[in-house]
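Single-letter residue listing:
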Amino acid sequence: MTKAAKIFVAGHRGLVGSALVRRLRDGGYDNIVTRTRAELDLLNQSAVHSFMQAERPDYIFMAAARVGGILANNTRRADFLYENLVIATHIVHAAYAAGNRRMLFLGSSCIYPRECPQPMREEYLLTGPLEHTNEPYAIAKIAGVKLCEAYNDQYGTQFVSAMPTNLYGPNDNFDLESSHVLPALMRKIDAAKTNGDREVVIWGSGTPRREFLHVDDLADGCVFLMESGCKKGIYNIGAGTDVTIRELAELIADIVGYTGEFVYDAGKPDGTPRKLLDVSRMSDLGWRAKNSLRDGIAQTYAWYRRELRDQTG
Ligand code: GFB
C-alpha cells in the first residue's frame, strides 16, 4: 500500500472506521476518502455504484455495518440481516465493477459456530449451527466473507476478510439498550459510583467468556494485513485471551473505583458460552495486539469521561 494510495474507509464514524482513519493518518496515508451516511447511503445501490465509479479507490476498508450488542442483535433481527447483507453486496460488487482489486472486509467472531472448539480457528467456519441471538448478523457477515471469496475466485480480486473479536474503545456506542457489554458496564458502573448506588445489574449469568480487543489494535492489524500484501482468506484478529463477564465487571469496577455489588438479571440472554479466537494466523505473519485489557479499559474510560459522560451520564 503506497502512501499516496487512495483509500476508502466505509463507516468512518463508527468504532472501527474511526480507528482505521486514525491509524492510517498516523501511518502517513493522507489520501483517505470518507462519506457520511447523509452523503452516501450504502443501502442505495445506484448511489454506491456512482460513488465507486467517480472515486475509484485503490484500497477499501469495509467497516460499515449495522452493529450492536446481544439485545439489539436479538430484537432487530430483520434490520441486522437486511442492512448488513445489502451493504456488503453493494460495496463488494461496486468495488469490483469500478476496477478496485484490494479490499479488507470486516466480519465478526460470531460467524463461527456456537459450540465451536476453542480457540476458534478460521477453518471452523460453517462447521456447525450459529448462536441464535446473533444468527442474522452472522449470516450477513458470512455472506460478505463468501462474496469476497467468490469475487476473488471468479474475477481475480484480492479481497481479504478480517474477523475481529469483541471490540471496545473510543467512539463506541454507550447506549444501554443497544451497546455491547463493555461500554454498557463502564457506563453503569461509572453512574453507580457517581450516584452512590450499591448495586449494578449485569445481564445474564456473568459466566460467558469473551475476548476483548482495543479497537486501535484491530485497526493496526487491518493496516498490517493490507501492507503485508495478503491477497485472500480470513484472518482472526484478537487479543488471544478471554475473561468471564463477571471478571470484566470486576476489572471495570477496579478502574472506575466502584466498591458496590453486582446482581445478575437472568431474564437477559447469555448468548454464546465462549468466544476466543485462535490468532496464530496473524502471529505467524508477525502481528500481535499491544494493549492489555486493563490499559485499554483505562484509556477508554478516560475518553468516556472526557467526551461522553456529561451528555449520557
Ligand atoms: O457484548 P454483548 O452484548 O455481545 O454481550 P455478544 C456479551 C455478554 O455480556 C452477554 C452480557 O452474555 C451479555 O448477556 N452482559 C452483561 C451484557 N451485562 C450486559 C449489558 O449491560 N449489556 C450488554 N450488551 N451485555 C455480540 C453479537 O454478542 O457480539 C454480535 O450479538 C457481535 O453479533 C458482537 O458478534 C461482537 O458477545 O454476546
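Asks: So, the pattern of salt bridges: which residues are in play, and what are the values?
Replies: Throughout the structure, instances matching the rule amount to 20 salt bridges. For Arg114, the salt bridge goes to Glu115, with nearest N and O atoms at 2.8 Å. Taking relative accessible area as the criterion, Arg114 reaches 28% and is therefore assigned partly exposed. By relative accessible area, Glu115 is classed as exposed at 60%. For the salt bridge of Lys146 with Glu149, the shortest nitrogen-to-oxygen distance reads 3.0 Å.

Asks: Can you break down the nonpolar core residue by residue, with the values?
Replies: Where a protein is soluble and globular, its nonpolar side chains tend to be buried together. Within the largest apolar cluster, 40 residues are counted, with the highest numbers of intra-cluster contacts made by Phe8, Met52, Met62, Ile91, Met103 and Tyr112. Within the residue set of this core, elements represented by two or more residues are strand 1 (7–10), helix 2 (45–55), strand 3 (59–62), helix 4 (77–97), strand 4 (102–106), helix 5 (135–155) and strand 5 (158–164). Ignoring sequence-local partners within four residues, the contact set of Met52 consists of Phe8, Pro57, Ile60, Ile91, Ala94, Ala95 and Ala98. Met1, Leu24, Phe61 and Cys230 belong to the second largest nonpolar core, which has 33 residues in total.

Asks: If you had to explain the environment of Gly27 to someone new, which residues and values would you point to?
Replies: Inspection of the secondary structure assignment puts Gly27 in the loop between helix 1 (15–26) and strand 2 (32–33). The exposure class of Gly27 is buried, given its relative accessible area of 19%.

Asks: How would you explain the pairing of strand 5 if you had to name every residue and give the values?
Replies: With respect to burial, strand 5 is a largely interior element, six of its seven residues being buried. As defined by bridge partners, strand 4 adjoins strand 5 across five bridges and the pair is classed as parallel. Along strand 5, the bridge assignment pairs Phe105 with Ser161. For the segment spanning strand 4, helix 5 and strand 5, crossover handedness is right-handed.

Asks: With reference to specific residues and values, describe the side chain of Asn100.
Replies: Checked against the element boundaries, Asn100 lands in the loop between helix 4 and strand 4. What Asn100 contacts, discounting residues up to four positions off in sequence, is Pro57, Asp58, Tyr59, Ile60, Ala95, Thr157 and Phe159.

Asks: Could you give an account of the packing of aromatic side chains, naming the residues involved and the relevant values?
Replies: A complete count under the given rule lists eight aromatic pairs for this structure. Ring geometry for Phe174 against Trp303: centres 6.2 Å apart, planes inclined by 25°, an arrangement best described as stacked. Within this pair, whereas Phe174 is found in the loop between strand 6 (166–168) and helix 6 (181–195), its partner Trp303 is found in helix 10 (residues 293–307), the two being separated by 129 residues in sequence. The same class applies to Phe174 and to Trp303, which are both buried. An angle of 20° between the planes, with centres 4.7 Å apart, marks the rings of Phe174 and Tyr304 as stacked. Of the two residues, Phe174 is situated in the loop between strand 6 and helix 6 and Tyr304 in helix 10; the sequence distance between them amounts to 130 residues. According to the relative accessible area criterion, Phe174 is buried, its value standing at 4%. Taking relative accessible area as the criterion, Tyr304 reaches 0% and is therefore assigned buried. Put simply, the rings of Tyr96, Tyr151 and Tyr155 pair up and form one aromatic cluster. Here the guanidinium or amino end of Lys3 rests over the ring plane of Tyr29, the centre of that ring lying 4.3 Å away.

The rules we used
Residues numbered from 1 in each chain as written. Predicted model: local features only at pLDDT ≥ 70, side-chain atom pairs only at ≥ 80, totals over all residues. Heavy atoms only, no water. Salt bridge = Lys/Arg side-chain N within 4 Å of Asp/Glu carboxyl O. Buried < 20%, exposed > 50% of the residue type's maximum accessible area, 1.4 Å probe, protein only. Core = buried A, V, L, I, M, F, W, Y, C linked by side-chain atoms within 4.5 Å. Helix = DSSP H or I, 4+ residues; strand = E, 2+ residues; numbered from the N terminus. Contact = heavy atoms within 4.5 Å. Pairing = 2+ DSSP bridges. Right-handed = clockwise from strand over helix to strand, strands pointing away. Phe/Tyr/Trp six-rings, centres within 6.5 Å; stacked < 30°, edge-to-face > 60°. Lys NZ or Arg CZ within 6 Å of the ring centre and 35° of its normal.

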